[in-house]
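Single-letter residue listing:
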Amino acid sequence: MGKLLFIFAGLLLAGSVWAQQPDSSKAMLGLIQNGDTIVFKNIKEVVVFPEREFKNKREYRRYSRYIEKVKKVYPLAVEARELLKEYQPKYDALEDRGDQRKLMKNLEKQLLDKHKEELKKWSISDGRILLKLINRETERTPYSLIQDFRGGFSAVFWQGIAKLFKNDLKAGYEPDDEDKMLEEIVTLIELGYL
């Protein structure tokens, strides 16, 4: 009988240890309506995309390679956004055009030192994706960024180089039309699904 009582007491204690306690650290809004309590709580956004259907294995492989390219390029677009946030106020605060150019030359040198070897291995399509993603992240075309920070002549020069490789620095980012698949992939990356 003593053993049974001891086991019963142990189970009661174990049950109280595992019982959930209400979280009082977060205050929530609620509404009592007809005796029911309706709690208002912000929840994480759920994004639903239709399931992709592929005509054949080749199309599936192309899509998979495209995902890998976006995953490779996306961190640089995010870095571009962060650098723009950091350097735009510094650049605008400088009144002397020479100081502005010096700031941009130093930034360009730092970026090349950091990413030069990686960029050498990229394909033209990787660059095309990067241009689109920079536009997405900064909400400005690469052409306008070059024009604002390096001048109109540099912007025209680099636009000419881009045209040689069938790119366009002035092309916008259209998440609901031309760049729909890219937007879907980036959203899935941001949510941690890819």
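For every chain, the first residue of its written sequence is number 1, and the numbers climb from 1 along that sequence. Thresholds applied to this predicted model are a pLDDT of at least 70 for local features of residues and 80 or more for the giving and counting of side-chain atom pairs; totals over whole chains, interfaces and linings are not thresholded and use all residues. For the side-chain quantities, the full set of heavy atoms in the structure was used; hydrogens and water were omitted.

A. Just the overall build of the chain, in detail. For the purposes of this entry, the term helix denotes a DSSP run of H or I that reaches at least four residues, the term strand denotes a run of E that reaches at least two, and both are numbered from the N terminus. Scanning the chain from terminus to terminus reveals 7 helices and 2 strands. The secondary structure elements of the chain, listed N-terminal to C-terminal, are α-β-β-α-α-α-α-α-α. Within the chain, buried positions represent 27% of all 194 residues. In what follows, residue pairs with any heavy atoms lying within 4.5 Å of each other are defined as contacts. Within the chain, residue pairs in contact and separated by at least 24 positions form 66% of the contacts whose partners lie at least 6 positions apart. Per-residue and other accessible areas were derived by the Shrake-Rupley procedure at a 1.4 Å probe size, with only the shown protein chains allowed to occlude residues. Summed over all atoms, the accessible surface of the chain reaches about 15100 Å², with 58% contributed by carbon and sulfur. Only protein chains enter the area calculation, which uses a 1.4 Å probe; residues under 20% of their type maximum are buried, those over 50% are exposed, and those in between are partly exposed.

B. Here's a closer look at the pattern of salt bridges. By definition, a salt bridge exists where a carboxyl oxygen of Asp or Glu is found within 4 Å of a side-chain nitrogen of Lys or Arg. Taken as a whole and assessed by the stated rule, the structure comprises 18 salt bridges. Notably, a salt bridge pairs Glu108 with Arg150, separated by 3.1 Å at the nearest N-O pair. Of this pair, Glu108 sits in helix α3 (residues 97–120) while Arg150 sits in helix α5 (residues 142–150), and the two are 42 residues apart along the sequence. Residue class for Glu108 comes out partly exposed when judged on its relative accessible area of 36%.

C. Geometry of the packing of helix α4 (residues 124–138) against helix α7 (residues 180–191). Direction vectors running N to C along α4 and α7 enclose 65°, while the axes themselves pass 12 Å from each other. Classified by the interaxial angle, the pair formed by α4 and α7 is roughly perpendicular. The way α4 lies across α7 gives a crossing that is right-handed. Of α7, the residues touching α4 (which contributes Ile129, Lys132, Leu133, Arg136 and Glu137) are Leu182, Glu183, Val186, Thr187 and Glu190. Of the residues contributing to the contact of α4 with α7, the split by class is 4 nonpolar, 1 polar and 5 charged. Lines fitted to C-alpha atoms define the axes here, with helix axes fitted over just the stretch in contact, and angles between the N-to-C directions of these axes take values from 0 to 180 degrees. For classification purposes, an angle smaller than 35 degrees is called roughly parallel, one larger than 145 roughly antiparallel, one from 65 to 115 roughly perpendicular, and anything else oblique. For any helix crossing, the convention is left-handed if the near helix is rotated counterclockwise from the far helix by under a right angle, and right-handed if that rotation is clockwise. Each residue gets one of three labels, nonpolar for Ala, Val, Leu, Ile, Met, Phe, Trp, Tyr, Cys and Pro, charged for Asp, Glu, Lys and Arg, and polar for the others, Gly among them.

D. Molecular detail of the confidence of the model for the chain. A residue's pLDDT is simply how confident the predictor is in it, with values from 0 to 100. In this model, the chain carries a mean pLDDT of 83, and residues with pLDDT of at least 70 account for 86%. The lowest-confidence element of the chain is helix α1 (residues 2–18), averaging 56 in pLDDT; the highest-confidence one is helix α2 (residues 57–93), averaging 91.

E. A look at the pairing of strand β2 (residues 36–40). For two strands to be treated as a pair, DSSP must find at least two bridges joining them. As paired strands, strand β1 (residues 29–33) and β2 are joined by 5 bridges and run antiparallel to one another. Within β2, the position partnered with Gln33 by the bridge is Asp36. Taking the residues between adjacent antiparallel strands as the criterion, β1 and β2 are bridged by 2 residues, where Asn34 takes a positive phi near 55°.

F. Up close: the environment of Pro175. Turning to its location among the elements, Pro175 is positioned in the loop between α6 (152–164) and α7. Spatially, the C-alpha atoms of Pro175 and Arg136 are 8.6 Å apart, while their sequence positions differ by 39 residues. The residues touching Pro175, leaving out its near neighbours within four places in the chain, are Lys180 and Glu183.

G. Layout of the layout of surface pockets. The space that makes up the largest pocket amounts to roughly 1700 Å³. For each structure, a 1 Å grid was placed over the protein atoms alone; sets of points admitting a 1.4 Å probe that cannot get out are labelled cavities, open sets with protein on both sides within 12 Å along at least five of seven lines are labelled pockets, and lining residues have an atom within 4 Å of a point. Residue lining of the largest pocket: 36 residues in total, with Leu119, Leu130, Leu131, Ile134 and Ile146 positioned closest to the centre. Mapped onto the lining of the largest pocket, the elements with two or more residues apiece are α2, α3, α4, α5 and α6. Broken down by class, the residue content of the lining of the largest pocket amounts to 24 nonpolar, 7 polar and 5 charged. Grid points are joined across faces, edges and corners, and a volume is the space filled by probe spheres set on the points.

H. The arrangement of the nonpolar core in detail. Here the nonpolar core consists of buried residues drawn from Ala, Val, Leu, Ile, Met, Phe, Trp, Tyr and Cys, with membership extended through side-chain atoms lying within 4.5 Å. In terms of nonpolar packing, the biggest core is built from 26 residues, with Val70, Leu130, Leu133 and Leu182 touching the most fellow members. If near-sequence neighbours (up to four positions away) are discounted, Leu133 is found in contact with Val70, Val73, Tyr74, Ala77, Leu182 and Val186. Listed in part, the 6 residues of the second largest apolar core include Tyr143, Ile146, Ala155 and Ala162.

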